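# Report on the structure
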Amino acid sequence: ARVEITLPSAMSGYDPEREPSKLLEGVKPGDTATWFSGGTAHILPAERAQASFDVEKMITCVDGGKKNTMKRRFIVDSTEDFTGPVVDARKYDLDRDGMEGSIAEALDHFIKIHRPHVERGYVPEEHEMLFMNLGGMMGGYPGYGLFCSTLLGQCDPEQIMWWLPKAIMCQITGCYAQTELGHGSNVRGLETTATYDKDTQTFILDTPTLTSMKYWPSSMVSATHAVVYAQLIIEGKEYGVHVFMVQLRDEGFRPMPGVEVGDLGSKVGEQCIDIGYLRLKQVRVPRSCMLAKRQRVSKDGKYKKLNEGAKEGSDKMAYLTMMGARVTLMGSAASCLAKASTVAVRYAAVRKQGFKDTTPGISHRSEEFSILDYKMTQYRLLKQLSFAFASRFTYNWLTDRMNALKGGLGGTELLGDASDLPEMHASSAGLKGLCCERAALGIEDCRKACGGAGYLLTSGVAALEADFKWRATAEGDTVVMLLQTARYLIKSAAAARKGEELSGLTSCLAPLKDPHFDAFATKPATPASVEGWWDLEYLLKLLEFRTIVSVAQADKALAKQLAAGRAFDQAWQDLTLTNRKLGECHVIYFMMNKFKAMVDDVQDAACKAALQKVAALFALSEIEDGSQWVGLLTFEEMEAASAAASALCGALRPDAVALVDSWDIPDRVLNSTIGRYDGNVYEAQYSASVHSPLNKKTIPVWFERIKHYLDLDFLAQRNGEDGAANWVAPAGAKL
């Protein structure tokens, strides 16, 4: 499948001379450029031959073991036999609406893949959600995860039996209706109401104002049901936000009485996903439709909290539940950045630009550099790839740790020492924010590094950039998430001053107990050589040093504001510009700590050596491009770090293609003309172009609309001695 260069075509209506099969007749990959070949077939095999490690062994390192590699391939291979526009460049020309539109294609695609597995009782583990993301070819049905997980987490056992099996089997479809037009992260401020009517034993749901309509839920238009977050009101008393199961559409898919549901319109990306709005007017649901795992309303309107005497572990289990969504988004950031890096690195290896011999008068056929040979291109792309690796290995560590704490899939009680859980939870906020933001920016930089080819949707990376970026704000904007992490660090600094026990990596703040502690004195000794800057232990200590200083300085600044009589909230607001960077410093330190720990455990020596270089570049690029280094490193030290990063890029250059291969992403998933495994990019670009719907007709259908503007007599002269060569200028014209 990897050597195919023509794209399947189910499209009809081509003029005979524009029929793709006719235009592509004879086009074939080869090692030499001809009318029929781009001449690049030999390039990527040669790149792979110079790798310093075995790619298959590196794949198991990335996946976290052979067992995970087998699972991932099983999941990703579920789409191997798929046909239609989802597997080729036609995907990029689909309309949103219609029987063959992108929304229908994505939803049908999702159900076809998942239903056979759930029918035999398969329940994915948390890390397998990442495997699905790595194998996803369309946006699918994002409401599925949030809808099903809400039912599982909020319903009592009886309600679970009513709804969850049908939801999992896609016999009903659902969405998560929390965000409103006027309220997002401030959940307590939601305006949707659910008023209990004890005469009829029903809840009456209303979105009473324009701003109270549910706005932004994914899969809203395609949903038959919604889990609706609303303010519970009983006899005029407010009980806060609760969750209700509400049917939106009947057996004919018509909206239920009092329900107005619609699509928001075209978005920047992921046009295959419907994102909608919902207005409710006096919509009644039975009393049993309030999700009742933790509370109930009796027939006569008495409200009762359940499990009020639950042990402290339930709060910590809630930490893990909240972490799950953040870590999943972090994992998707890693996989999407890896996809973009794969496309860009492969294309940079194939694409030639600039003569190796610049002597005047040389032939235009002289040998050229691959753009991946240029140092700046190496840094741009390998920096993004190193961040993808760091994100993925941190994700692997977090999922392993969470599963250990829960005792595996479905665990409901904490097992073992959970002292690091508060710090993990706080760090997960910043990790989600930073990883998604860096991935969004990184995917775009990979696209730009591909030059003009990256502007085409058929490059794969252009569509990926647009499709991914919503994750930078979903479940919390980057700044909000980083400030959550920073707030925890300030809280930890206060605990350190009191001599209290600290959680996880915040233990580095323990010396703050000493009022005379000098944070700047914790700086590690500067390496004496370029290679010394590649040492992971040194780089980890350097990032820890930055975190300690940043926390100590932020803590002092806050104390100064409070001493001046400022309220805590006011002082915090005044310091958010600095504190955002504080959160970022800790997140990078956290990632480097986990990345190094995972690399230290790698058994294969060649894979370990390559990953150590990748981890070093991750840290060095943070010194090169990060913040909060003023006063921590001298000008000479910054220059030495830059030189070390440059040398490291050169050391990684022979492994670049093998490193992206280690993510094991199939061509059908990348759906890229320029990121193909075989490197036959020019044949693929030409094939995708001739399949463009605009090329169906020899004479474009819109010609009649502009015909009257054109000088048809001049065009009729054509080329040749009887045409343009003997053209005579009109009288009075100046040439």
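Residues numbered from 1 in each chain as written. Predicted model: local features only at pLDDT ≥ 70, side-chain atom pairs only at ≥ 80, totals over all residues. Heavy atoms only, no water.

### Structural notes on the overall build of the chain
Per the secondary structure count, the chain includes 23 helices and 13 strands. In terms of C-alpha radius of gyration, the chain reaches 29 Å, essentially the compact-globule figure of 27 Å for 735 residues. Buried positions account for 49% of the 735 residues belonging to the chain. Pairs at least 24 apart in sequence give 73% of the contacts found in the chain among residues at least 6 apart. Total accessible area on the chain is roughly 34,800 Å²; 55% of this is exposed by carbon and sulfur atoms. Averaging the locations of the 83 positively and 91 negatively charged side chains of the chain gives two centres separated by 4 Å. (Helix = DSSP H or I, 4+ residues; strand = E, 2+ residues; numbered from the N terminus. Rg over C-alpha atoms; globule rule 2.2 N^0.38 Å. Buried < 20%, exposed > 50% of the residue type's maximum accessible area, 1.4 Å probe, protein only. Contact = heavy atoms within 4.5 Å. Areas by Shrake-Rupley, 256 points an atom, 1.4 Å probe, with all protein chains shown as cover. Lys, Arg positive; Asp, Glu negative; His and termini not counted. Charge placed at Lys NZ, Arg CZ, Asp CG, Glu CD.)

### Digging into empty space enclosed by the protein
All told, the structure shown has 1 cavity of 30 Å³ or more when counted by the stated rule. Reported here for the largest cavity is a volume of approximately 40 Å³. Ile103, Leu107, Gly140, Tyr141, Pro142, Ser219, Ser222, Cys272, Ile273 and Asp274 are the residues that line the largest cavity. The residue inventory of the lining of the largest cavity, partitioned by class, reads 6 nonpolar, 3 polar and 1 charged. (1 Å grid on protein atoms, 1.4 Å probe; cavity = no way out; pocket = protein on both sides within 12 Å on 5 of 7 lines; lining within 4 Å. Points joined across faces, edges and corners; volume = space filled by probe spheres on them. Nonpolar A, V, L, I, M, F, W, Y, C, P; charged D, E, K, R; others polar.)

### So, the packing of helix H10 (residues 375–406) against helix H17 (residues 605–625)
Two numbers describe how H10 lies on H17: the axes approach to 8 Å, and their chain directions differ by 110 degrees. It follows that H10 is roughly perpendicular to H17 by the angle criterion. Relative to H17, the crossing made by H10 is left-handed. Here Tyr379, Leu382, Lys383, Ser386, Phe387, Phe389, Ala390 and Phe393 of H10 lie close against H17, whose contacting residues are Leu611, Val614, Leu617, Phe618, Ser621, Glu624 and Asp625. Tallied by class, the residues present in the contact of H10 with H17 amount to 10 nonpolar, 2 polar and 3 charged. (Axes fitted to C-alpha atoms, helices over the stretch in contact; angles between N-to-C directions. Parallel < 35°, antiparallel > 145°, perpendicular 65-115°, else oblique. Left-handed = near helix turned anticlockwise from the far one by under 90°.)

### Quick word on the confidence of the model for the chain
Summing up the model confidence of the chain, the mean pLDDT is 88 and the portion of residues at 70 or higher is 90%. This stretch, residues 1–11, has a pLDDT under 50; its non-local contacts, to residues over four places away or in other chains, come to 31 contacts. (pLDDT = per-residue confidence, 0-100.)

### A short note on the nonpolar core
Counting 132 residues, the largest nonpolar core has Phe389 and Trp663 as the members making the most contacts within it. If you tally residues by element for this core, the top one is helix H9 (residues 313–350), at 18 residues. Dropping the residues within four chain positions of it, Trp663 is found in contact with Val62, Arg72, Leu134, Ala334, Ser335, Ala338, Leu385, Ala388, Phe389 and Arg392. Grouped together as the second largest cluster of nonpolar side chains are 47 residues, Ile172, Val228, Val261 and Val285 included. (Core = buried A, V, L, I, M, F, W, Y, C linked by side-chain atoms within 4.5 Å.)

### Details of the sheet that holds strand E8 (residues 275–280)
With respect to topology, 3 strands assemble into an open sheet ordered E4-E8-E7, the strand pairing being antiparallel. Edge positions in the sheet fall to strand E4 (214–218) and strand E7 (259–263), since each of these pairs with one other strand and no more. Strand after strand, the sheet turns through a mean of 30 degrees between neighbouring axes, direction not considered. (Pairing = 2+ DSSP bridges.)

### Notes on the packing of aromatic side chains
How two aromatic rings sit relative to each other is set out by the distance from centre to centre and by the angle between their planes. Considering all chains together, one arrives at 15 aromatic pairs under this definition. Ring geometry for Phe393 against Phe595: centres 5.2 Å apart, planes inclined by 40 degrees, an arrangement best described as tilted. Within this pair, whereas Phe393 is found in helix H10, its partner Phe595 is found in helix H16 (residues 576–600), the two being separated by 202 residues in sequence. Comparing Phe393 with Phe595, the two get one shared label, buried. Ring geometry for Trp533 and Tyr538: centres 5.4 Å apart, planes at 85 degrees, overall edge-to-face. With a relative accessible area of 1%, Trp533 lands in the buried category. Exposure remark for Tyr538: the relative accessible area of 8% places this residue in the buried category. (Phe/Tyr/Trp six-rings, centres within 6.5 Å; stacked < 30°, edge-to-face > 60°.)

### Topic: unusual backbone geometry
In this structure, Trp216 is a non-glycine residue whose phi angle is positive, near 100 degrees. Residue position: Trp216 is located in strand E4. In this model, Glu235 sits at a positive phi of 50 degrees, which is unusual for a non-glycine residue. Tracing the sequence through the fold places Glu235 in the loop between strand E5 (225–234) and strand E6 (237–247). Take Glu235: its relative accessible area is 62%, and that puts it in the exposed class.

### Some remarks on the pairing of E6
As paired strands, E5 and E6 are joined by 9 bridges and run antiparallel to one another. Of the residues in E6, the one forming a bridge with Val228 is Phe244.

### Points about the pattern of salt bridges
Tallying each qualifying case throughout the model produces 34 salt bridges. As a salt-bridge pair, Glu56 and Arg73 come within 2.8 Å of each other at their nearest N and O atoms. Taken as a pair, Glu56 in helix H3 (residues 55–63) and Arg73 in helix H4 (residues 66–76) lie far apart in primary sequence, 17 residues in all. Here Lys356 ties to Glu367 by a salt bridge, and the two come within 3.0 Å at their closest N and O atoms. Separated by 11 residues along the polypeptide, Lys356 in the loop between strand E12 (352–355) and strand E13 (368–370) and Glu367 in the loop between E12 and E13 bring together distant segments of the chain. Residue classification places Lys356 among the partly exposed residues on the basis of a relative accessible area of 42%. One continuous salt-bridge network, built from bridges that share partners, spans Glu56, Asp63, Arg72, Arg73, Arg392 and Asp664. (Salt bridge = Lys/Arg side-chain N within 4 Å of Asp/Glu carboxyl O.)

### As for the environment of Leu130
Within the secondary structure layout, Leu130 lies in helix H6 (residues 128–135). Given a relative accessible area of 4%, Leu130 falls into the buried group. Put simply, Leu130 and Val327 are 197 residues apart on the chain and 9.8 Å apart in space, counted from C-alpha to C-alpha. Ignoring any residue separated from it by four or fewer positions in sequence, one finds Leu130 in contact with Gly331, Ser332, Ser335, Arg392 and Tyr395.

### Overview of the side chain of Arg471
By the element assignment, Arg471 lies in the loop between helix H12 (461–468) and helix H13 (478–497). With residues near it in sequence (within four places) discarded, Arg471 still touches Asn133, Glu270, Leu329, Ser332, Lys432 and Cys436.

### Some words on the side chain of Ser386
Topologically, Ser386 is positioned in helix H10. For Ser386, a relative accessible area of 1% gives the class buried. Aside from chain neighbours lying at most four places away, what touches Ser386 is Phe595, Val614, Leu617, Phe618 and Ser621.

### Some words on helix H8 (residues 157–168)
Its 12 residues give H8 an end-to-end C-alpha distance of 16 Å, which sits within 8% of 16 Å, the value for a rise of 1.5 Å per residue. In this structure, the buried residues of H8 make contact with helix H7 (143–154) and E6. Downstream of H8 by a residue or two, Cys170 has a phi angle that is positive, lying close to 60 degrees. (Expected span 1.5 Å × (residues − 1).)

### Some thoughts on H4
Listing the buried residues of H4 in full gives Asn68, Thr69, Arg72, Ile75 and Val76. Within H4, the buried residues cover an arc of 130 degrees as seen down the axis, which keeps them to one side. Seen from the open side of H4, the exposed residues pointing more than 90 degrees away from its buried face are Lys66, Lys67 and Met70. (Arc of directions from axis to C-beta.)

### What to know about the environment of Glu622
Secondary-structure assignment places Glu622 in helix H17. In this structure the C-alpha to C-alpha distance between Glu622 and Ser341, which are 281 residues apart in sequence, comes to 18 Å. Discounting residues that sit within four places of it in the chain, Glu622 has contacts with Arg438, Leu543, Arg546, Ile588, Ser627 and Trp629. At 3.1 Å, the side chain of Glu622 and the side chain of Arg546 are in polar contact. (Polar contact = N/O pair within 3.5 Å; in protein donor to acceptor, adjacent residues only side chain to side chain.)

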